[in-house]
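Fold and contact review
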Amino acid sequence: MKSQISGRLSILNEEPIRRGQYVLYWMQASQRTRFNPALEHAVKRANELKLPLLVAFGLMDNYPEANERHYAFMLQGLADVKGGLADRGIGFVIRHGSPPGVALELAEHAAMVVCDRGYLSHQKQWRDQVADEAGCCVEQVEGDVVVPIEEASDKSEFAARTLRPKVHRLLDQYLKPCRSPKVAVRREHWKMTSGIDLSDIPGALARLKIDRSVKQVAHFHGGEIEAQRRLRHFLKHSLNGYRDGRNEPAGEVTSTLSPYLHFRQISPVEIALRVRASHAPAQDKEAFLEELIVRRELAMNFVNFNPNYDSYDALPAWAQRTLKAHTADKRPYIYARRDLENAKTHDRFWNAAQRQMTATGYMHNYMRMYWGKKVLEWKRTPREAYEDLIYLNNKYFLDGRDPASWANVGWIFGLHDRPWQQRAIFGTIRYMNDSGLQRKFDMEAYVRKVDSIESY
DNA sequence: ATCGGCTCGCGCAA
DNA sequence: TGCGCGAAGCCGAT
């Protein structure tokens, strides 16, 4: 029942705008007040209807694959959201319950509902349910990508090279500032209860039924304020030299914005505009924008057009064929999941990468590739390797459980990649080894860096 | 240090 | 239908 109005905007049902006490922005994916097209669209609608705007977030127990590490980061971000909305005279309700349940409760008194767009299957289901049951008009604004996914392409793309020209054609159209209209009917305080006190995050965390096996990290503080600080730091200190420096595992030449992009605490459009406007060399800007836009949105394309995105079966046919042909090959090392999880392998560089992940919720980008390739080599079957990688990725990374998680793990197994020379275990899947790491990088510095992180 | 070969399928040119 | 080429590869030859 979805109809496209313009690039970012879709109407999700055929219900009318009706009499109501407010316009409801059901904020679920886009957890920010800056550069949030869904929020600004909701402000515009509220102004047109001469109604106040209410923003609501549904905080559920046991969110799929989330644990205390993820929840803590997200709640820190939602505290920023509350503050940012209060500054503009917009009310915010965060309520304990399922996201569609909370949205539907509050939609009862709404003239209409605005929502944002996550790409994972449960997020889609929640939106479908709200659109079906709200009884009023539900509009969706796709504000967490540069080019809306279906605008760029109408199918699952084979590789970056097939998506790239389609995205580049539309860049100028979509790399635009986000207008922020003044709120006409200010109303910050509402009678309905919030139930969650964001000024006491440890207390709020303690009351949730969640997996507490992975603790929060001091290394990353959640929220759009910290995201903005990191963006400024990156533009000032790291963008210059990004193309040649980004792969050095011990280096500091990365944005470290991926956790903030995952929780949508910062807009990729805003990042791209700031990068474009900076005085860094063109080659560095291009290399970064390729990562931020083409590669990131290729992951969204993959998830959007493959209902099987979270399964080994979503890998391309040539990759499954070649891996199957090599399943019986002798493995020099085989590790159980708990050996991997505890960083107990014979490989110091791999162990360091694993420890960086568990200790900080983050791993250097280049090491993520090496880390994944070794697990493929060290499990009895590629399916087991796939399962272990998704498990570890989503459990420990702050940016896990993202479309990029399934695309990146898939890449280890040939997704969006090309075949290479035949070899044992891998078949024609791209191989990586530690001599490559040592040839190209200062790996002792990387191990020292992880050691020092853990001891602080 | 640098270079070609490896190997598959997409998409464009013809 | 043919052909160029591709996220970070490795490996052996020069």
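Refer to the structure above for everything that follows.
Summary of the structure given here. (Residues numbered from 1 in each chain as written. Chains lettered and ligands numbered in written order. Predicted model: local features only at pLDDT ≥ 70, side-chain atom pairs only at ≥ 80, totals over all residues. Heavy atoms only, no water.)

1. Some thoughts on the layout of surface pockets
Just so we agree on the cut-off: Think of a 1 Å grid over just the protein atoms. A cavity is a set of points where a 1.4 Å probe fits yet cannot get out, a pocket is an open set with protein on both sides within 12 Å along at least five of seven lines, and lining residues have an atom within 4 Å of a point. Grid points are joined across faces, edges and corners, and a volume is the space filled by probe spheres set on the points. Strands are runs of DSSP state E lasting at least 2 residues, helices are runs of H or I lasting at least 4, and numbering of each runs from the N terminus.
Taken as a whole, the second largest pocket encloses approximately 650 Å³ of empty space. Arg8, Pro37, Pro177, Cys178 and Arg179 are, among the 20 residues lining the second largest pocket, the residues nearest its centre. Going through the elements one at a time, α1 (37–48) and α6 (160–174) are the ones with two or more residues in the lining of the second largest pocket.

2. A short note on the protein's contact with DNA strand B
Let me state the cut-off plainly: We call a residue near a molecule or strand whenever a single non-hydrogen atom of that residue lies within 4 Å of it. Polar contacts, as counted here, are pairs of nitrogen or oxygen atoms within 3.5 Å of one another; within protein the pair requires one atom able to donate a hydrogen and one able to accept it, and residues that are adjacent in sequence qualify only if both atoms are side-chain atoms.
The local shell around DNA strand B consists of Lys155, Glu157, Phe158, Arg161, Thr162, Trp318, Arg321, Pro419, Trp420, Gln421, Gln422 and Thr428. Counted by atom, the contact set of DNA strand B within 4 Å of the protein is 66% sugar and phosphate. Note that a base oxygen of DNA strand B is positioned 2.9 Å from one of the backbone N or O atoms of Pro419. Within the side chain of Gln421, an N or O atom sits 3.3 Å from a base nitrogen of DNA strand B.

3. A few points about empty space enclosed by the protein
Summed over all chains, the structure comprises 2 cavities of 30 Å³ or more. The space that makes up the largest cavity amounts to roughly 60 Å³. Considering the residues around the largest cavity, the lining is formed by Trp26, Gln28, Ala29, Asp116, Gly118, Gln123, Trp126 and Arg127. Here the lining of the largest cavity gets 3 residues from one element, more than from any other, and that element is helix α4 (residues 121–133).

4. Observations regarding the nonpolar core
Worth spelling out the cut-off: As used in this record, nonpolar core signifies buried Ala, Val, Leu, Ile, Met, Phe, Trp, Tyr and Cys residues forming a set joined through side-chain atoms within 4.5 Å. Think of it in three bands: residues with accessible area under 20% of the maximum for their type are buried, residues over 50% are exposed, and the middle band is partly exposed, with areas taken using a 1.4 Å probe on protein chains only.
Judged by nonpolar contacts, the single largest core of 102 residues is most densely connected at Leu53 and Leu75. Listed in part, the 57 residues of the second largest apolar core include Ile149, Ala250, Tyr366 and Phe441.

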